[in-house]
Amino acid sequence: MRKFLIGCLIAFMFILESIFVELLPGDLFSNHILVPHFLIITIFFFSIYANRNAAIIYAFVFGLLVDVVYTEVLGIYFFVFPFTIYICSKIMKVLHANLLVVSVISLLGITILEMIVYEINFLIHLTSMEFIYFLQLRLVPTLILNAIFLLIAAYPYKRIFEKYAGEGKD
Amino acid sequence: MPQFFMNKRLIILLVSIIILVALIGFSLSRSKLTWPEQFIKDTTGWVQTLVSRPVHYVAGVIDNVKDLQDTYQENKELKAKIEEYGLLKAQVQGLQKDNEELQKIVDEYPSLNDKKLLKATIVSRDPNQWNELITINRGKNDGVEKDMAVITSAGLIGKVKSVSTGTSTVQLLSSEDPTNRISAYIQKDENNKKKNKKTSVFGLIEDYDKESKNLIMTWEEVPDGLEVKKGQIVSTSGLGGVFPPDLAIGKVVKVESDEYGLAKKAYIEPAADFYDIEHVLIVKRESSEGDE
């Protein structure tokens with residue numbers, strides 16, 4: 001039952017990203033691009049506080065879903081999601097799993113993800129944006145948006161996933 | 001032992017990069033969605049509708065309350081507009097008559113002009129915003145086909161990129177995809193009519209400038225060509241054979257020569273808002289039904 005709920009939570013985040021972009025007033029987009037990365041944040045918290053291997057499987061599944069449903073270029077998120085989760089959880093092995101550290105590392109994860117996706121899109125000519133503009137227009141506003149999301153969601157996520165992991169052990 | 005593990009990871013990484021490249025290559029070269037993709041899109045589309053409808057409803061109510069505050073101001077503006085409307089109506093009637101007569105002369109050749117509009121609602125929007133895509137709740141079953149134009153009441157917003165059974169994906173004009181080109185023309189300025197006998201300027205909408213949020217249109221410069229000025233209206237020309245003519249695209253903001261001085265470049269402010277979209281219209285072509 002718990003497992004099912006976690007799946008639902010992640011699926012909801014997947015839908016929420018799209019709704020968020022739809023509903024945000026257009027003025028906010030006037031001179032920058034805000035990209036919600038709620039999905040990867042959720043999976044990352046799951047990987048830290050609950051189960052890393054399951055998290056990587058979630059990352060594969062939802063990466064593929066993002067590719068098919070949203071971007072229509074197969075492979076990019078399918079590859080980048082699990083890769084980011086893996087790298088970040090490797091970094092977390094060295095560090096102390098404190099809520100602040102986890103939040104900062106998840107922002108770092110988003111940076112890695114955005115960079116890789118930018119490079120791939122640049123290579124396949126999906127974007128012609130220059131790197132400087134990418135940083136200014138896209139990366140910095142995105143990080144701020146996701147930092148705000150982390151402020152709201154980090155603590156509840158920790159509670160939920162720790163509870164889930166605790167139940168799994170019993 | 002650690003050496004061995006490092007190797008294993010390296011191999012996994014390499015294999016997944018190969019798969020990545022293969023998948024990207026595959027998805028860039030195909031012209032139609034494969035059936036598993038269509039199935040996934042339709043299913044998620046259905047789930048997304050379940051969630052997004054109530055959310056949109058609530059957002060709509062909040063917007064309505066906000067609108068109430070501006071009602072007085074809007075009412076004033078609308079009244080001013082209604083006065084212009086009577087004048088326009090008379091003009092339109094005259095034009096319609098002219099048009100009918102002219103149509104008879106050209107003997108009803110199949111034109112892209114015969115169009116039918118199909119209403120659709122947005123199901124989801126790509127949150128990653130690289131390739132600006134939205135999903136709408138109409139698909140093959142409703143007669144949607146690839147490359148149909150999609151408009152809002154304000155103007156053109158994009159074209160249908162791919163179709164599955166119950167949903168279809170629209171690529172907005174604001175995507176930077178190089179294949180996203182539209183043949184357009186700049187309408188003659190009314191004051192300019194007498195001085196210049198040249199017809200309108202025809203060109204291609206080739207790019208989108210993310211920084212200024214403007215579309216970029218280019219055309220080859222002709223010696224005694226029409227001078228394009230700020231504020232002129234741009235619409236689709238119908239020359240590409242894909243879009244019907246005379247769908248509004250936007251207004252010229254500034255004009256400049258390109259790097260080599262051979263072509264002109266105009267920045268166009270889009271007429272439609274690419275962000276606050278909820279309902280769209282798909283322009284169905286009558287003539288395309290005859291083709292199949």
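Note that the structure is predicted; figures quoted are calculated from it, not measured.

As for unusual backbone geometry
Part 1 of the argument: Positive phi outside glycine occurs at A:Glu72, with the angle close to 65°.
Part 2 of the argument: In this structure, A:Glu72 sits in the loop between helix 3 (52-71) and helix 4 (76-94).
Part 3 of the argument: Residue A:Glu72 is classed as buried on the basis of its 21 C-beta neighbours within 10 Å.
Part 4 of the argument: For B:Asp147, which is not a glycine, the phi torsion comes out positive at approximately 70°.
Part 5 of the argument: Mapping B:Asp147 onto the fold places it in the loop between strand 2 (133-136) and strand 3 (149-151).

Considerations on the packing of helix 2 (residues 38-49) of chain A against helix 3 of chain A
Residue and element names in this part refer to chain A.
Part 1 of the argument: Where helix 2 meets helix 3, the closest approach of the two axes is 8 Å, and the angle between their N-to-C directions is 160°. By the angle between their axes, helix 2 is roughly antiparallel relative to helix 3. Considering only the axes of helix 2 and helix 3, their crossing is right-handed. Contact residues: helix 2 offers Leu-39, Ile-43, Phe-46 and Ser-47, while helix 3 offers Arg-52, Ala-55, Tyr-58, Ala-59 and Phe-62.
Part 2 of the argument: Of the residues in the contact of helix 2 with helix 3, the class split is 7 nonpolar, 1 polar and 1 charged.

Side note on the nonpolar core
Part 1 of the argument: Core analysis: the largest hydrophobic core is formed by 86 residues, its most contacted members being A:Ile43, A:Phe45, A:Ile76, B:Val150, B:Ile157, B:Ile249 and B:Val280.
Part 2 of the argument: Broken down by element, this core gets its largest block of residues, 10 residues, from helix 2 of chain A.
Part 3 of the argument: Contacts of A:Phe45, omitting those with residues within four sequence positions, involve A:Val102, A:Tyr157, A:Lys158 and A:Phe161.

Some words on the interface of chain B and chain A
Part 1 of the argument: Counting from both sides, the interface comprises 36 residues of chain B and, opposite them, 34 residues of chain A.
Part 2 of the argument: Elements represented by at least two residues in the side of chain B that touches chain A include exactly helix 1 (2-29), helix 2 (35-69) and strand 1 (115-125) of chain B.
Part 3 of the argument: Considering each element in turn, the side of chain B that touches chain A owes the most residues, 9 residues, to helix 2 of chain B.
Part 4 of the argument: Its residues assigned to classes, the side of chain B that touches chain A shows 15 nonpolar, 11 polar and 10 charged.

Regarding the sheet that holds strand 8 (residues 214-220) of chain B
Part 1 of the argument: Taken in spatial order, the 6 strands of this closed barrel run 6-7-8-11-10-9 (chain B), and their pairing is antiparallel. For this sheet, the mean inter-axis angle between neighbouring strands, taken without regard to orientation, is 45°.

Quick notes on the confidence of the model for chain B
Residues and elements named next belong to chain B.
Part 1 of the argument: The predicted model of chain B averages 80 in pLDDT, with 86% of residues at 70 or higher.
Part 2 of the argument: Low confidence marks residues 288-292, where pLDDT is under 50. Its contacts with residues over four positions away, or in another chain, come to 1 contact.
Part 3 of the argument: As a predicted assembly, this complex carries a pTM of 0.80 together with an ipTM value of 0.82.

Description of the packing of helix 2 of chain A against helix 5 (residues 99-123) of chain A
All names here are of chain A.
Part 1 of the argument: Running from N to C, helix 2 and helix 5 cross one another at 130°; their axes reach a closest spacing of 10 Å. Viewed along their axes, helix 2 and helix 5 adopt a mutual orientation that is oblique. Between helix 2 and helix 5 lies a crossing whose hand is right-handed. The residues of helix 5 that touch helix 2, namely those facing Ile-40, Ile-41, Phe-44, Phe-45 and Ile-48, are Val-102, Ser-106, Gly-109, Ile-110 and Leu-113.

Thresholds applied
- Residues numbered from 1 in each chain as written.
- Chains lettered and ligands numbered in written order.
- Predicted model: local features only at pLDDT ≥ 70, side-chain atom pairs only at ≥ 80, totals over all residues.
- Helix = DSSP H or I, 4+ residues; strand = E, 2+ residues; numbered from the N terminus.
- Buried ≥ 20, exposed ≤ 12 C-beta atoms within 10 Å, placed from the backbone.
- Axes fitted to C-alpha atoms, helices over the stretch in contact; angles between N-to-C directions.
- Parallel < 35°, antiparallel > 145°, perpendicular 65-115°, else oblique.
- Left-handed = near helix turned anticlockwise from the far one by under 90°.
- Contact = placed C-beta atoms within 7 Å.
- Nonpolar A, V, L, I, M, F, W, Y, C, P; charged D, E, K, R; others polar.
- Core = buried A, V, L, I, M, F, W, Y, C linked by C-beta atoms within 7 Å.
- Pairing = 2+ DSSP bridges.
- pLDDT = per-residue confidence, 0-100.

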